[in-house]
Every structure is written in C-alpha cells, then in structure tokens.
Amino acid sequence: MLVRKVSAMPKRAKEMSPLEVRRLEHPGKGRNVTYSVGGQAGLLLQITPNGAKSWLLRAVVDGKRREIGIGPYPDVSLAKARERAAEKRDAIWRGIDPTPAPKQTLTFEKAVEKFLASKLDEFRNEKHRKQWQATLDTYAAEHLGKMAVAQIDVHDILRTLSPIWSSKTETASRLRGRIESVLAWATVSGHRSGDNPARWKGNLDAILPKPGKVAKQDNHPALALNDAARWFSDLRKREGMSARAMEFLAMTAARSGEVRGATWAEIDDDSGIWTIPGARMKAGREHRVPLTPDALALLASIKPKDERDPAAFIFAAVKGGALSDMSLSAVMRRMQEAEVEAGRAGFLDPRNKRPAVPHGLRSTFRDWTAERTEYPRDMAEIALAHNVGSEVERAYRRGDMVEKRRAMMAAWGRFLRAEAAPKVVQMGARA
C-alpha cells in the first residue's frame, strides 16, 4: 500500500548536544513528556514518570499524525537516533510505511517474558520472579495476553482490574503496578508509544476507588486480641520444631520466611539481638530484632549441644533444610481444628470471621500497640520492618530504636503470657 508523503515539515527546534539530551528529565508528575531535540524534524525524546527514555519520530503518514518508535535511550544514541529518523522520514517521502510489519507485533504475554528476562538480576530470588509472573498469568493473561502491547488502552486495563478490585484489592493493586512496568518497558523498547494506560496517578485514580478506601477482604486473618493469650498458652503446650518456630514468630512479630530461614550465625547471645541480613528481608535492608529473655530461652532449649555450622538453620526440618511455609500454617490449622472439636468457635479474625493464619499475628501485634499501649506508631512500624516516613526521613534516621523496642517486645511477651505489666512508681521531681 502506498503511503502519502509527509505534509508540511514541522518547524525545526534548536539542535541539542548529547550532553543537553542526557540532562533532560521528567518534571516529576503527570504523564509522559516529550522534548524536541532538533537536528531532524519531528525527532523527540520521550521520558516516562519513572525516568525511562526512548526516541520517537513524529510524522504524518497517510494523512494521520503518527509517533514512530526509534528505540530506547541511551542504547540508541542521539547521533544514531538522528540517523534512524532521517531514514524513516526518507522512506515516508518515498511512499513506504516505516512502521513494523504486523508479524513483528509484540503481544503482552511475550512482552512479559522479555521484561522478566531483562529484569532477572533485580529479583531477590527465583521464587519472587515466579510470584511476579504468576500474578500476571492468573489475572491478566485472559484479558491482555494475546493483545498487541501497542493496542492496549485504559479500557483494557479496567476490564482486567475491575473483577478483583474490590474483592482482592491488594492483589489487584499489585497487578496494576506490574502491568504498568511491562507496558513501560514496551514503550522504551519501541513497541508502543503514548501514555501508559496502567498508570495510577492522573489516570486510573479518576475511575477506580483508592485501594485504601476499598474493603480489604484479602487481608491475612489475624488473632483477636482477647484470644491471643489463650492461643499462645495452647501453642506452648504443643511439641515439635514447627510449634517452636511458631512460638518464636509470635514473640518477635517477624514474618514466617524470616523465622524459617534464620540461622545460628544471625543470633548474638551477648547483645540479645537477631540480625536478619537484607537479602532475606522484604524491603531489602538489614533488620535487627531485640530478643526478650523468653525468646533467648527458647533458642537455648533447641540449640544443639555439639558445635554445628553457624550457617545451619535454627528451626530445621526433620530431613534437613528449612521448614516449609505450610508447616507453620499446619500448626495453626491443627489448633483451630482442636477448638472446633471441643465445641468452640476457635481463633477467628474478629473482622472477617476466618481462622487466623501465621502472618496475621503481625496484624495482632500492630492492633495491640495501637489499642492497648502508648508506644509510638513509628516504633511499632520499625518492629514490623515497615518503611517509616519519606525517603529523606529514612536517610537521616540513624537509629532503629532497638533498645526502646526491646522494652516494647518484653511488654508484648507479657501480654501473650497474660501477665500483668510491672507497676511503675512515679517519683517526685526532688525525690
């Protein structure tokens, strides 16, 4: 098919140097922005809100204005971009459509594969990579998988997210972010152009309710505060390494994976601190956990008498290696089953009435700090290894309140054991 030649030539902008192009930045908010770099009519540098850059040629083809991808920057230099733009513009003048042939169209499912391959080093482990892809395979493949990334628009994103936005809000929010990342990669790789339809701010936020405003029905069921002491007493009567790991998890408010992967080398008996390396943390940063006398006594009770490799797992499985996630879940499931057999409702989340699970204990701890104590919110959030404050605030915060948190975790232990808090006698200023 013959293509009409380009209409009136766009006005040429001042020709930028490679250094000037390298210094171009996104203003910080809103949608994608483009800068005319001059030297070749219609040559633009597109920058996404997250800073990714790619080249576009804006031209009129067959009577319609088009933005033709030339490649990502800096993989494609300024000089190379001008050379490619000149070739494509010359082709248009000769009546040839410079856009890729249909057989070269990239589908969303293929884009996912290529994106994950390019980002492999950024994933903490293979399990994280598989979880990342599983979310897309489960919820996005049906709607977007066979579509060309260049054709996906806001309506397609809504069609994908709407069925689970209210029922599985956290999952849907995570899915949106992952779709956005894949489409951003497709844009800078030259497979699509224009705004990212999965972007939240200034886009989907005008259509979908904020995740925080939607009822979170997929939260991990937590123990009711009034049931915590009875549950903990029941747990301490149970035998087995999984029960001891569950007990340690409860006392430290740590995540299941952090407890199951703990090694003896991470425990400092003298200071009473468990140091979890950043490689094992969700946030990727080292985390220190102050251990109470009860927690240290638990570790001492299961520590082998003979000298062992300090890299050995603390809560090792019978056949070696770390305990599985299901082993801790099984402990709580058996405790719930025993309650039901005894004619009681069991350990149910007070909000959704579902049986509590290991990860829900972190929510129980957070509820305790908020409703039963006066410990600062930031201290509780640090104990849970959550990000506190802005990036600037975190950069200037030198300490992690570890000694103050030691007192808080001791109080949490007393709460679990149903012990009264020690009395504090207020002394006069001159006493």
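Values in this document were obtained by computation on a predicted structure and should not be read as measured data.

Colleague: Would you take a moment to explain the sheet that holds strand S7 (residues 287-290) for this structure?
Modeller: Pairing between the strands of a sheet comes from backbone hydrogen bonds, and it takes one of two forms, parallel or antiparallel. Here three strands make up an open sheet; going across it, the order is S5-S6-S7 and the pairing antiparallel. The strands lining the two open edges of the sheet, one partner per strand, are strand S5 (267-268) and S7. Across the sheet, helix H16 (residues 402-416) is in contact with strand S6 (273-276) and S7; its angle to S7 comes to roughly 45 degrees.

Colleague: Looking at this structure, how should I read the packing of aromatic side chains?
Modeller: Two measures describe an aromatic ring pair: the distance that separates the ring centres and the angle between the ring planes. Summed over the entire model, instances satisfying the criterion amount to 12 aromatic pairs. Judged by centre distance (5.7 Å) and plane angle (20 degrees), the ring pair of Trp165 and Trp200 falls under stacked. Placement of the pair is Trp165 in helix H6 (residues 154-165) and Trp200 in the loop between helix H7 (169-188) and helix H8 (225-236), with a sequence separation of 35 residues. Taking the centre distance of 5.2 Å and the plane angle of 85 degrees together, the rings of Phe365 and Trp412 count as edge-to-face. One end of the pair, Phe365, is in helix H13 (residues 360-371); the other, Trp412, is in helix H16, with 47 residues separating them in the sequence. A relative accessible area of 0% means that Phe365 is categorised as buried. Clustering of aromatic rings is evident, with ring pairs tying together Phe365, Trp368, Tyr375, Trp412 and Phe415.

Colleague: Can you help me understand the environment of Glu266 in this one?
Modeller: Within the secondary structure layout, Glu266 lies in the loop between helix H10 (256-260) and S5. Distance from Glu266 to Pro310, taken between C-alpha atoms, is 8.4 Å for residues 44 residues apart in sequence. What Glu266 contacts, discounting residues up to four positions off in sequence, is Gly261, Ile273, Trp274, Thr275, Ile276, Pro277 and Arg280. A distance of 2.8 Å separates polar atoms of two side chains, one belonging to Glu266 and the other to Arg280.

Colleague: Hey, could you run me through the confidence of the model for the protein in this one?
Modeller: When pLDDT is low, close inspection of the predicted coordinates is not appropriate. Chain-level pLDDT for the protein is 84 on average; 87% of the residues reach the 70-or-more range. Taken as a whole, residues 1-10 scores under 50 in pLDDT and shows 26 contacts with residues more than four places along the chain or in a different chain.

So, how was this worked out
- Residues numbered from 1 in each chain as written.
- Predicted model: local features only at pLDDT ≥ 70, side-chain atom pairs only at ≥ 80, totals over all residues.
- Heavy atoms only, no water.
- Pairing = 2+ DSSP bridges.
- Helix = DSSP H or I, 4+ residues; strand = E, 2+ residues; numbered from the N terminus.
- Contact = heavy atoms within 4.5 Å.
- Axes fitted to C-alpha atoms, helices over the stretch in contact; angles between N-to-C directions.
- Phe/Tyr/Trp six-rings, centres within 6.5 Å; stacked < 30°, edge-to-face > 60°.
- Buried < 20%, exposed > 50% of the residue type's maximum accessible area, 1.4 Å probe, protein only.
- Polar contact = N/O pair within 3.5 Å; in protein donor to acceptor, adjacent residues only side chain to side chain.
- pLDDT = per-residue confidence, 0-100.

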